[in-house]
Amino acid sequence: MKALTMPEIQWQKSSFSTEGNECVELARSNESILIRESDTPHSVIAATPEKLRALILGIKSGEFDHLA
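Residues numbered from 1 in each chain as written. Predicted model: local features only at pLDDT ≥ 70, side-chain atom pairs only at ≥ 80, totals over all residues. Heavy atoms only, no water.

Enquirer: Sorry, what's going on with unusual backbone geometry here?
Expert: Comment: phi is negative for the bulk of residues other than glycine, and the bulk of peptide bonds are trans. Although it is not a glycine, asparagine 30 sits at a positive phi angle of roughly 55 degrees. Mapping asparagine 30 onto the fold places it in the loop between β2 (24–29) and β3 (32–37). (Helix = DSSP H or I, 4+ residues; strand = E, 2+ residues; numbered from the N terminus.)

What follows is the structure, given as structure tokens:
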């Protein structure tokens, strides 16, 4: 996983993250969008922009509200 933590990966946190800086972070790497939790930075999920867009649309429409 060291390739995912190289300096050229610029992780972005949400402005809605908690004061403890525990949040989900996103970054772009080649053709993938990388997703990780700030408190476990070595666990990274890679998704295509299209799949992430579909997830975000589902979240915005309320499809996953029952999980929160």
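Enquirer: Help me understand the side chain of arginine 36, please; the structure alone is not making it clear to me.
Expert: Mapped onto the secondary structure, arginine 36 falls in strand β3. By relative accessible area, arginine 36 is classed as buried at 13%. At 2.6 Å, the side chain of arginine 36 forms a polar contact with the side chain of glutamate 25. Every residue in contact with arginine 36, bar those within four places of it in the chain, is listed here: Trp11, Cys23, Val24, Glu25, Pro41, Ser43 and Val44. (Buried < 20%, exposed > 50% of the residue type's maximum accessible area, 1.4 Å probe, protein only. Polar contact = N/O pair within 3.5 Å; in protein donor to acceptor, adjacent residues only side chain to side chain. Contact = heavy atoms within 4.5 Å.)

Enquirer: I would appreciate a short explanation of the pairing of β2 in the present structure.
Expert: Regular strands have side chains that alternate between both faces of the sheet. Here β2 shows a buried face lined by Glu25, Ala27 and Ser29 and an unburied face lined by Val24, Leu26 and Arg28. Pairing of strand β1 (residues 12–13) with β2, which is carried by two bridges, proceeds in the antiparallel orientation. Its bridge partner being in β2, lysine 13 is matched across the sheet by glutamate 25. For β2 and β3, the ladder comprises six bridges, and the chain directions are antiparallel. The residue of β3 that forms the bridge with alanine 27 is leucine 34. Following β2, the chain reverses through two residues before pairing antiparallel with β3; asparagine 30 in that reversal takes a positive phi of roughly 55 degrees. (Pairing = 2+ DSSP bridges.)

Enquirer: Honestly, the nonpolar core in this entry has me stumped. Any pointers?
Expert: Side chains that are nonpolar tend, in soluble globular proteins, to be buried together. Ile9, Trp11, Ala27, Leu34 and Val44 form the largest nonpolar core, which has five residues in total. Excluding residues that lie within four positions of it along the chain, alanine 27 makes contacts with Ile9, Gln10, Trp11, Ser32, Ile33 and Leu34. (Core = buried A, V, L, I, M, F, W, Y, C linked by side-chain atoms within 4.5 Å.)

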